[in-house]
Structures are given as structure tokens and as C-alpha cells.
Amino acid sequence: GKGNYRHFMEKELHEHPAVLGDTLRQYLDPKTLEVRLPRLPFDPARVPRLTISACGSAFLAGAVGRYWIEELARLPVDADVASEFRYRDPPLAEGGAAILVSQSGETADTMAALRLLKAGGQKVLSVVNVPESSMARESDGAVLTVAGPEIGVASTKAFTAQLAVMACLAIGFGRARRELSTLDEGRLTQALLEVPSQAAQILEQDAQIRDLAAEVAKARDVLFLGRGSLYPIALEGALKLKEISYIHAEGYAAGEMKHGPIALIDSAVPVIALCPTGPLFEKTASNLQEAAARGGRIMAFTDADGVAPLSRFAEHVIELPKVGAFSTPILYAIPVQLLAYHVAVLKGTDVDQPRNLAKSVTVE
Ligand code: F6R
């Protein structure tokens, strides 16, 4: 049941810390600070190229995985939504491997991608939440997310669990390919082990996010901006908002603003920015300042060090815990999902059963 929560989605949002802890505990050793992956169907040190494919939010988890795997393991990754991948007839690398991501393990397009990849000689690993699903059975190997049943149609806890698994895979691949030292592995593992409590801290900011939602609920169009591994999280914010509140939203790479979308900016369009401090902060902040100069209403998520600089031009600044760049996609996913939830509640939509959508898309 829903317990004391109004919706399954709200209950599942509040399960983020527990689910992240349960999933990370499977693949991280807190004593040695090492990643412990199950037996993989391929040797990441020998694979020339990796394909990542999935649908919807699961694809966005894979898209974050692409940033991590390329950065930490220096392994080239091709990431594409399964509905495109399956008809694109892509040339597949000899000895190549693939990762598919799915909560249900039954999504028709992702299953078609699986069969195409296997027919093309690729070794396929699936990241799935349902151990007895078709995808888990037909793949060469599976790594489970430990999210428990997800009832709300919009994916929440399964998404962050997918990110947690992708993070562990990226560290494991980095070590296998000798791109990460023991020290790096320990540092990244330690950062992941802190994520569940940081997720709990973020959930305590529910009231602030609800205030932001009251502003966003009045809009007809909303832009989400992020850079690097937060770009897919901007897309996730836009997807969730569209899906459950029916407000039109787009996610953009912050640097793409000046190539078109900035034309949309006026005082009616909230611009929600994922903007932690770090190497990309100045660039993103300057993209935001340009939008603000055109009358855009900037609503930013940042950390303690970002509050003062962003407050000079942003209408709302929400402070999240200061974490290393590696963990930010997992943590910043939570407030964008919470925001979509509160906007939908304010709009009075059917949060758990949005119109026209099914939990498991088993037809093309
Ligand atoms: C969005 C959402 C969908 C699913 C997509 C894939 O909130 O839930 O985009 O992520 O339909 O589903 P699975 O993960 O079951 O393959």
C-alpha cells in the first residue's frame, strides 16, 4: 500500500535513500572501498567499444553511464534510444559489448535491441530491476537494481538505482582497464557510499521544492539545463514534468542555449538549471546570466558555494549538499523528480497513472 503517502510516486520518491543503499551495498565493499561486480559476460579490458541502449528514463540512466564510462574507463560508448537503435542498422564492433537498462525488463524496443545486439555478436549485459524478466533471462548477464516493485508509472527510485549500478560498472571497468588507481577507486567508492544519506538530506528540502513547484505550475513551457553528466538529468527533469503534469518542458545542454532555444526565453518561461560548482560552473552560470538578461526566470539547483554567485541573477536558488562531480547526477535527479511530483499534485493530475501511459511498454 501507499502507507501515509498520498501517491505511490511520493512513497517511491521517499524510498530513494533506502534503495540507493540496498543497490550500492550489492556492488561496493565498504571495508576495502572496492567495487565488487558479479561475473560479467565480457572482459571490459578487451572490449573495443560499448553500446548502451534503453527507452525513456532508463535510457537517460544509460546516457549518464556513458559519461562515467568514457571518463573513468576511457572506453568509447555509443548510446541511443532502443527505438532508433533497432532500425539504425549500426555497424557493431567485433568483440564488442552492450549494456541495456530497464526497470521492467519487458520493454519491447529494448528487447528488440537485445536480439539485434546478440545477432550481431555482441555480449549483452542488462541492468534490470526484475530478476525473472525476459531481458534478464535473454541477456548474457544481468546486474540487478535493488529498487523493489515500482508502482507509479513514472520511474523514480528505479532510475536512481540504475544510476547507482552504472556508477559501479564505470568504476569496475576503469579498474579492469587500468585507468583508475586503487586510490581513485577508493575515493569514488567512498563518494558513492555517502550518496544514500545525501539523498535523505535532499528529501528534507521537500518544502522548498514545493514552493518552487508553485511557480513552475503556472508555466506553459519550462526549460531544464545541465552540462556534462547533468545534461541527461536535465532531460529527465523535462521528461518527468511532461509525463505527470502535462506541462511542456524541454531539457537542453546548457551550451546549446545560444544555438536556438534562447529565442524562447521570456518572463513566462522558467529556466531550471542544474548548476553545482566545479569545473563547468562558470560556463553554465554565464549561459544562465545570458538567459536572465533576456528576462528569463532562472531557478537554480546548486551547492553552498554556488548560492551567492547565482543569486545575483536567479529568482530561486535551492542549495543541495556539496558533493564531488561524480555523484551529482544521482543526487540532482531527486529534486527534479520531486519538483515534477509537486507540480503535478498542484495541477491535480493523476500522478500515479498519467494519461496515455503504461508502466511497461510491451508493444512497439
Ligand atoms: C519515465 C518512465 C519511462 C520508462 C521507460 C522504460 O518516467 O518511467 O520513460 O523509463 O518506459 O521502461 P523500462 O525501464 O521498464 O524499460
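These numbers were taken from a predicted model, which means no experiment stands behind them.

Calculation rules
- Residues numbered from 1 in each chain as written.
- Predicted model: local features only at pLDDT ≥ 70, side-chain atom pairs only at ≥ 80, totals over all residues.
- Heavy atoms only, no water.
- Near = heavy atom within 4 Å.
- Polar contact = N/O pair within 3.5 Å; in protein donor to acceptor, adjacent residues only side chain to side chain.
- Areas by Shrake-Rupley, 256 points an atom, 1.4 Å probe, with all protein chains shown as cover.
- Helix = DSSP H or I, 4+ residues; strand = E, 2+ residues; numbered from the N terminus.
- Nonpolar A, V, L, I, M, F, W, Y, C, P; charged D, E, K, R; others polar.
- Buried < 20%, exposed > 50% of the residue type's maximum accessible area, 1.4 Å probe, protein only.
- Pairing = 2+ DSSP bridges.
- Right-handed = clockwise from strand over helix to strand, strands pointing away.
- Expected span 1.5 Å × (residues − 1).
- Axes fitted to C-alpha atoms, helices over the stretch in contact; angles between N-to-C directions.
- Salt bridge = Lys/Arg side-chain N within 4 Å of Asp/Glu carboxyl O.
- Phe/Tyr/Trp six-rings, centres within 6.5 Å; stacked < 30°, edge-to-face > 60°.
- Lys NZ or Arg CZ within 6 Å of the ring centre and 35° of its normal.
- pLDDT = per-residue confidence, 0-100.
- Parallel < 35°, antiparallel > 145°, perpendicular 65-115°, else oblique.
- Contact = heavy atoms within 4.5 Å.
- Left-handed = near helix turned anticlockwise from the far one by under 90°.

Enquirer: Can you tell me about the site of the ligand, naming the residues and giving the values?
Expert: In the region of the ligand, 13 residues are neighbours, and Ser102, Gln103, Ser104, Thr107 and Glu243 sit closest. Contact between the ligand and Ala58: an oxygen atom at 3.4 Å from a main-chain N or O atom of the residue. Isolated, the ligand exposes 420 Å² of accessible area, and the fraction of that covered by the protein chains is 89%. Elements that contribute at least two residues to the shell around the ligand include exactly α3 (56-73) and α11 (231-245). Residue contributions to the shell around the ligand peak at three residues, all from α3. Looking at the shell around the ligand residue by residue, the classes come out as four nonpolar, seven polar and two charged.

Enquirer: Go over the pairing of strand β10 (residues 270-274), please, and point to the residues and values.
Expert: Of all five residues that make up β10, five are buried, and the element is covered over most of its length. Sheet topology places strand β8 (residues 221-226) next to β10; three bridges connect them, and they run parallel. Across the sheet, residue Leu223 finds its bridge partner in β10, namely Val271. Sheet topology places β10 next to strand β11 (residues 297-302); five bridges connect them, and they run parallel. Residue pairing across strands places Ala273 opposite Ala300, the latter belonging to β11. Note that the unit made of β10, helix α12 (residues 281-293) and β11 has a crossover that is right-handed.

Enquirer: Can you tell me about α3, naming the residues and giving the values?
Expert: Across its 18 residues, α3 extends 25 Å between first and last C-alpha, which sits within 8% of the 26 Å expected from 1.5 Å per residue. Residue Arg74 follows α3 closely and has a positive phi angle near 50°.

Enquirer: Go over the sheet that holds strand β12 (residues 316-319), please, and point to the residues and values.
Expert: Pairing is parallel in the open sheet, where five strands are placed in the order β9-β8-β10-β11-β12. The open sheet is flanked by β9 (248-253) and β12, the only strands paired with a single partner. Here the strands of the sheet are splayed against their neighbours by 15° on average, with no regard to which way each runs. Across four bridges, β11 lies against β12 in parallel orientation.

Enquirer: Lay out the pattern of salt bridges in plain terms, naming residues and giving numbers.
Expert: Applying the stated rule across the entire model yields 23 salt bridges. For Glu215, the salt bridge goes to Lys218, with nearest N and O atoms at 3.3 Å. On the basis of relative accessibility, which here comes to 64%, the residue Lys218 falls in the exposed class. Two residues, Arg297 and Glu215, come together in a salt bridge whose shortest N-O distance is 2.7 Å. Note that Arg297 is positioned in strand β11 and Glu215 in helix α10 (residues 206-216), a separation of 82 residues in sequence. The network of salt bridges with shared partners includes Glu215, Lys218, Arg297 and Glu315.

Enquirer: Outline the packing of aromatic side chains, listing residues and values.
Expert: Given two aromatic rings, their pairing is described by the distance between the two centres and the angle made by the two planes. Applying the stated rule across the entire model yields two aromatic pairs. For the pair Phe42 and Phe173, a centre-to-centre distance of 5.9 Å together with 70° between the ring planes defines the contact as edge-to-face. Within this pair, whereas Phe42 is found in the loop between β2 (34-35) and β3 (50-54), its partner Phe173 is found in helix α7 (residues 157-176), the two being separated by 131 residues in sequence. When the ring centre of Phe159 is taken as reference, the NZ or CZ atom of Lys240 above it lies at 5.9 Å. Directly above the ring of Tyr246 sits Arg355, whose terminal nitrogen or CZ lies 3.7 Å from the centroid.

Enquirer: For the confidence of the model for the protein chain, give the residues involved together with the corresponding values.
Expert: Across the protein chain, the average pLDDT comes to 96, with 100% of residues at 70 or higher. In the model output, the complex is listed with pTM 0.97 alongside ipTM 0.98.

Enquirer: I'd love a proper account of α7, names of residues and values included.
Expert: Two residues of an α-helix separated by three or four positions point the same way, owing to the 3.6 residues in each turn. Compared with the 28 Å implied by 1.5 Å per residue over 20 residues, the 29 Å span of α7 between its first and last C-alpha is a close match. Most of α7 is tucked away, with 18 of its 20 residues classed as buried.

Enquirer: Could you give an account of the environment of Asp80, naming the residues involved and the relevant values?
Expert: Residue position: Asp80 is located in strand β4 (residues 77-81). Residues Asp80 and Ala54, spaced 26 residues apart in sequence, show a C-alpha to C-alpha distance of 7.3 Å.

Enquirer: Could you give me a rundown of the sheet that holds strand β7 (residues 141-144), with the residues and numbers involved?
Expert: Taken together, five strands build an open sheet; the order of strands is β4-β3-β5-β6-β7 and the sheet is parallel. In the strand order of this sheet, the two ends are held by β4 and β7, each with one partner. Taking the axes of each pair of neighbouring strands and ignoring which way they run, one obtains an average angle of 20° across the sheet. In this structure, strand β5 (residues 97-102) lies alongside strand β6 (residues 123-128), joined through six bridges in parallel fashion.

Enquirer: Can you tell me about the packing of α3 against α11, naming the residues and giving the values?
Expert: Any two packed helices are characterised by the angle at which their axes cross and by the distance between the axes. Contact geometry of α3 with α11 gives a least axis separation of 9 Å together with a crossing angle of 170°. When the axis of α3 is compared with that of α11, the two are roughly antiparallel. Only Tyr231, Pro232, Ile233, Leu235, Glu236, Leu239 and Lys240 of α11 make contact with α3, whose side of the interface consists of Gly56, Ser57, Leu60, Ala63, Val64 and Tyr67.

Enquirer: Can you break down the packing of α3 against α7 residue by residue, with the values?
Expert: Between α3 and α7, the shortest axis-to-axis distance is 9 Å and the interhelical angle comes to 20°. Put simply, α3 runs roughly parallel to α7. Considering only the axes of α3 and α7, their crossing is right-handed. Every residue of α7 that contacts α3 at Ser57, Ala58, Leu60, Ala61, Val64, Gly65, Trp68, Ile69, Leu72 and Ala73 is listed here: Phe159, Gln162, Leu163, Met166, Ala167, Ala170, Ile171, Phe173 and Gly174. Residue composition of the contact of α3 with α7, grouped by class: 15 nonpolar, four polar and no charged.

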